[in-house]
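# Report on the structure
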Amino acid sequence: MKELVCIVCPRGCRLKVDEENGYAVTGNTCPRGAEYGRNEIYSPTRVLTSTVRISGALYPRCPVKTDKAVPKALLLEIMRVLNSVSLASPVKAGTVVLENVDGNGANVIVTKDL
Amino acid sequence: MYDLIIIGGGPAGLAAANSAWENGLRKILIVERDREPGGILNQCIHNGFGLHRFKEELTGPEYAGRFISMVGNTGVEIMTDTMVLEINKEHEVHVISAAEGYRVLKAKSIVLAMGCRERTRGAIAIPGDRPAGVFTAGSAQRYLNMEGYMVGKRVIILGSGDIGLIMARRMTLEGARVLACVEVMPYSGGLMRNIVQCLQDWNIPLYLSHTITDIRAENGRVSHVTVMRVDESRNPVPGTEMEFDCDTVLLSVGLIPENELTRSAGIEMDPRTNGAVVYENMETSAPGIFACGNVVHVHDLVDYVSAESERAGAAAAKYVLDNPCDDPFISVRAGSDIGYTVPMKIRVNRVDKAADVFFRVRRVFRSSVIEVSANGETLFTFKRDHMAPGEMEHILLPRKVLDAAAGKDITVSAREAE
């Protein structure tokens, strides 16, 4: 039995994950918590948020994120790839700046109209 | 003459504007001192916003973007690059901007939505040199996420508030080495989820009951920091010194509601929240002047800021469109282990089904009971599995409970479950 704090939302439910029982999760208050508890033991993932360069905008940095959670082990590698990205204003929130960064279909997208 | 002038174009101001519009006001102005609306959300590029509000996890700019586009679909006017210098109880708003100079604008109602600002090194009096390299976590966040400057390479974070935790991860992702997060209290001031994903994910140690006792400099820049354990009365314990080689100290030691305008207008303040005393509809002691968001009390979740601000916007609309009336009120008192409550006053006959009451507990509770009482008699109880000072609590007080108080002040208190 592993004890975890759910990080899906700010509520911070205290989860218990039973590895010997098909990763059964208790202590969650929503289905997303059950999914998190299972994945956190099995293969932890995170949504990565960062910035990339942008020219011609109000500010020289544009916020971006992965449009789904990616394996924790890939975060620093994706950060390195983001260093090479440079955008030009205008961009719209939702615009894809890098495709398939995890080999599993996650894209890096813009999160602000700039 | 405006129906409503809103001071601040962050999440509170935007939500209040949208709600006032939906409730029938048409001449609405938001005054924002920055170059664009969105407030602090613009620099909070991490995700975790909007789960209550939009049932999905958004980044700060995305959350702000939703409200900016909602307001964009109304006739609400947004004046950016404009600073409010003064307001008064006659609903006059003194503004200044490079483009338009100094002007006095008039309104039938005002919503105060100025947010809060960070406590600085001066406010907590850390001994030592006064070199470059000491930043509040929020200003480092703005430098990094918006202006594109990395503020340091070897970082110590003082305080475990959410912004400090978020910056620990952010600096790490950008290649800095975050050596430690140091918290004077025996518990973290931030959300549990941020301890997990910002510190534990990156193996950053959290030293609870520790503080920085010295900052030393070489060539005008931070070079060493001394950290010591503190006892129960928060005094450093001799012999527990730890030395860190670092070039940067980030401070995440609390937020202070930014209420210079509120105070100078002579509006009644609450010494516990450092915000205005408010009624159930977020009206201050000055009729027709409302307040919402972090300028009233510091929230953990922007979702609750939006909800509170929508109530303020709706109440401003009601004030302008209906005749304001002077109803009797009861006070809400903070009982044992409760730091403060918002609202502090409830006009019971203005409450429809239930009144929202927000508060913070003073210490960590496991299985516990929140008790609402009047005259020593328990009126209602709420159960909780876990409460902590870093996590704002919320109860919905049914109208019938308020009626049962029969005009007597009510007290909210917390205790362990039996």
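Residues numbered from 1 in each chain as written. Chains lettered and ligands numbered in written order. Predicted model: local features only at pLDDT ≥ 70, side-chain atom pairs only at ≥ 80, totals over all residues.

So, about the overall build of chain B. Regarding its fold elements, chain B presents nine helices and 29 strands. Over its C-alpha atoms, taken along the principal directions, chain B stretches across nearly 65 × 60 × 40 Å. Expressed as a percentage of its 418 residues, the buried residues of chain B come to 50%. At a minimum sequence separation of 6, the contacts of chain B that also span at least 24 residues come to 65%. (Helix = DSSP H or I, 4+ residues; strand = E, 2+ residues; numbered from the N terminus. Buried ≥ 20, exposed ≤ 12 C-beta atoms within 10 Å, placed from the backbone. Contact = placed C-beta atoms within 7 Å.)

Where the model shows low pLDDT, its predicted coordinates should not be examined in detail. Here chain B averages 94 in pLDDT, while 100% of its residues score no lower than 70. Interface confidence for the predicted complex, expressed as ipTM, amounts to 0.88; the pTM equals 0.92. (pLDDT = per-residue confidence, 0-100.)

Residues and elements named next belong to chain B. Where helix α1 (residues 11-22) meets helix α2 (residues 60-72), the axes come as close as 9 Å, and the angle between the chain directions of the two elements is 35°. Between α1 and α2 the crossing geometry is left-handed. Contacts from Pro11, Leu14, Ala15, Ala17 and Asn18 of α1 reach α2 at Ala64, Phe67, Ile68, Met70 and Val71. Residue classes in the contact of α1 with α2 are distributed as nine nonpolar, one polar and no charged. (Axes fitted to C-alpha atoms, helices over the stretch in contact; angles between N-to-C directions. Left-handed = near helix turned anticlockwise from the far one by under 90°. Nonpolar A, V, L, I, M, F, W, Y, C, P; charged D, E, K, R; others polar.)

Turning our attention to the interface of chain A and chain B. Facing 23 residues of chain A, the contacting portion of chain B comprises 24 residues. Secondary structure elements with two or more residues in the side of chain A that touches chain B: β5 (49-55), β6 (61-66) and α2 (75-82) of chain A. Partitioning the side of chain A that touches chain B into residue classes produces 12 nonpolar, five polar and six charged.

Residues and elements named next belong to chain B. As far as domains go, chain B holds domain 1 (1-118 + 254-326), domain 2 (120-253) and domain 3 (327-418). Using only C-alpha atoms to locate each centre, domain 1 and domain 3 end up separated by 25 Å. Contact with domain 1, which involves 15 residues of that partner, is made by 16 residues of domain 3. Tallied by class, the residues present in the side of domain 1 that touches domain 3 amount to six nonpolar, four polar and five charged. (Domains from an automatic or database assignment.)

All names here are of chain B. At a minimum axis separation of 7 Å, α1 and helix α8 (residues 302-321) run at an interaxial angle of 40°. With respect to each other, α1 and α8 are oriented oblique. Read as a crossing pair, α1 and α8 show a hand that is right-handed. Taking contact as the criterion, the partners of Pro11, Ala12, Ala15, Ala16, Ala17, Asn18, Ser19 and Ala20 in α1 are, on α8, Val302, Val305, Ser306, Ser309, Glu310, Ala312, Gly313, Ala314, Ala316 and Ala317. Residues that form the contact of α1 with α8 fall into these classes: 12 nonpolar, five polar and one charged. (Parallel < 35°, antiparallel > 145°, perpendicular 65-115°, else oblique.)

This part covers the sheet that holds strand β2 (residues 14-18) of chain A. All names here are of chain A. If you walk across this open sheet you meet the three strands as β1-β2-β3, and the pairing is antiparallel. Two strands in the sheet have a free side with no partner beyond their single neighbour: β1 (2-5) and β3 (24-26). Shown here is a sheet whose adjacent strand axes are inclined to one another by a mean of 30°, direction ignored. Sheet contacts for helix α1 (residues 31-42): β1, β2 and β3; angle to β2, the most-contacted strand, approximately 55°. (Pairing = 2+ DSSP bridges.)

A separate point is the pairing of strand β25 (residues 354-361) of chain B. Within a regular strand, the side chains alternate between the two sheet faces. Residue and element names in this part refer to chain B. By the bridge criterion, four bridges tie strand β23 (residues 338-342) to β25 in an arrangement that is antiparallel. Counted as the bridge partner of Tyr340 is Arg360 from β25. Relative to strand β28 (residues 393-398), β25 runs antiparallel, the two sharing six bridges. Across the sheet, Ala355 pairs through a bridge with Leu397, a residue of β28.

Take the sheet that holds strand β10 (residues 108-110) of chain A next. Residue and element names in this part refer to chain A. Taking strand neighbours across the sheet as the criterion, the five strands line up as β8-β5-β6-β10-β9 in an open arrangement whose pairing is mixed. Every interior strand has two partners, whereas the edge strands, β8 (86-88) and β9 (96-98), have only one. When the angles between neighbouring strand axes are averaged without regard to direction, this sheet yields 45°. Bridging between β6 and β10 involves three bridges; their strand directions are antiparallel. Bridging across to β10, Val64 finds its partner in Val110.

For the rest of this paragraph, the subject is the domain arrangement of chain A. Entries for chain A in the domain assignment read domain 1 (2-42) and domain 2 (49-110). The gap between the C-alpha centroids of domain 1 of chain A and domain 2 of chain A is 29 Å.

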